[in-house]
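Below, each chain spelled out in residue letters.
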Amino acid sequence: GNTNTTVNVTITIDNTKPHVTIVTPTTNLNFSSSIVINATVRDSGVSYAVAAGDIASVQYYLSNNTWSGSLFTMTNTSANGLNFDYYNATNDTNVNLADGRYNITIIATDYAGNVNNSQNVTIGIDRTAPAVSIIGPTTNQFIKGTFNITAEVNDAVWVKSVWYRISNGTAA
């Protein structure tokens, strides 16, 4: 007669979202050229040692307050034997990005379909020098004793520092 053959199948139950750490860039950095984005991704939802390749996809999302953003794929650059995957991407800031603040969000999905809680950093794209206006003292004003220097500085992203130099009019 007929015989029954039993087949054993091993499955992995994974209900845990991948963990993402953005290595670079860090928050509040300004860029005027390409942005290099590096992240580590761990999938601890599996019971065995995680090997490179346990993540289905890693993408980064670049957006700001006035632009809903775009999604870009990151490349797995891991070496075998690591207990995490290392991802890298480069974004050319000269391509359709206006000066301003942007959010970089990393989105990782494992093979079970779990999507990470997105980690993000805020960076600045800044190819334009700040605008500086000296409010006081005014040109050719005579001053005696202690005085204040007042200036207004505007920038599309943020101003890191303001310096001033007082000269007696001779070449230095």
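This text goes with the structure placed above it.
Residues numbered from 1 in each chain as written. Predicted model: local features only at pLDDT ≥ 70, side-chain atom pairs only at ≥ 80, totals over all residues. Heavy atoms only, no water.

What follows covers the nonpolar core. Counting residues in hydrophobic clusters, the biggest one holds 22 residues, and the most contacted among them are Val 58, Tyr 60, Met 74, Ile 104, Ile 106 and Ile 123. Contributions of two or more residues to this core are made by strand 1 (19-24), strand 3 (35-42), strand 4 (55-63), strand 7 (85-91), strand 8 (100-110) and strand 9 (119-125). In this structure Met 74 touches Ile 37, Ala 39, Val 58, Gln 59, Tyr 60, Tyr 87, Asn 88, Ala 89 and Ile 106, once residues within four positions along its chain are discounted. (Core = buried A, V, L, I, M, F, W, Y, C linked by side-chain atoms within 4.5 Å. Buried < 20%, exposed > 50% of the residue type's maximum accessible area, 1.4 Å probe, protein only. Helix = DSSP H or I, 4+ residues; strand = E, 2+ residues; numbered from the N terminus. Contact = heavy atoms within 4.5 Å.)

Time to look at the side chain of Asn 38. Within the element layout of this structure, Asn 38 appears in strand 3. By relative accessible area, which is 10% here, Asn 38 ends up buried. Among all residues touching Asn 38, those that are not within four sequence positions of it are Thr 21, Ile 22, Val 23, Thr 24, Tyr 86, Tyr 87 and Asn 88.

Bringing the sheet that holds strand 8 into the picture now. What the five strands build is an open sheet, ordered 2-9-8-4-5; its pairing is mixed. Both outer strands of the open sheet, strand 2 (30-31) and strand 5 (70-73), are each paired with one neighbouring strand and no more. Relative to strand 8, strand 4 runs antiparallel, the two sharing eight bridges. By the bridge assignment, Val 58 is partnered in strand 8 with Ala 108. (Pairing = 2+ DSSP bridges.)

Quick look at a nonpolar patch on the surface now. A cluster of nonpolar side chains, Ile 143, Phe 147, Ile 149, Tyr 164 and Ile 166, forms an exposed patch at the surface whose accessible area comes to about 510 Å². Relative to the helices and strands, Ile 149 is located in the loop between strand 10 (131-136) and strand 11 (150-154). (Patch = residues over 30% accessible without salt bridge, like charges linked within 9 Å, V, L, I, M, F, W, Y side chains within 5 Å. Areas by Shrake-Rupley, 256 points an atom, 1.4 Å probe, with all protein chains shown as cover. Salt bridge = Lys/Arg side-chain N within 4 Å of Asp/Glu carboxyl O.)

Attention now goes to the environment of Ala 98. In this fold, Ala 98 is placed in the loop between strand 7 and strand 8. The class of Ala 98 is partly exposed, set by a relative accessible area of 48%. With 26 residues separating them in the primary sequence, Ala 98 and Gly 124 have C-alpha atoms 10.0 Å apart. Apart from residues lying up to four places away in sequence, Ala 98 is in contact with Ile 125 and Arg 127.

A word on the sheet that holds strand 1. With antiparallel pairing, four strands are arranged side by side in an open sheet as 1-3-7-6. Pairing within the sheet leaves two strands with one partner each, and these edge strands are strand 1 and strand 6 (75-76). Sheet topology places strand 1 next to strand 3; five bridges connect them, and they run antiparallel. Looking across to strand 3, one finds that Val 20 is bridged to Val 41.

Here the focus is the pattern of salt bridges. Following the criterion strictly, the structure yields one salt bridge and no others. The residue Asp 99 makes a salt bridge to Arg 127 at a minimum N-O spacing of 3.9 Å. Residue Asp 99 is located in the loop between strand 7 and strand 8, and its partner Arg 127 is located in the loop between strand 9 and strand 10; the two are separated by 28 residues in the primary sequence.

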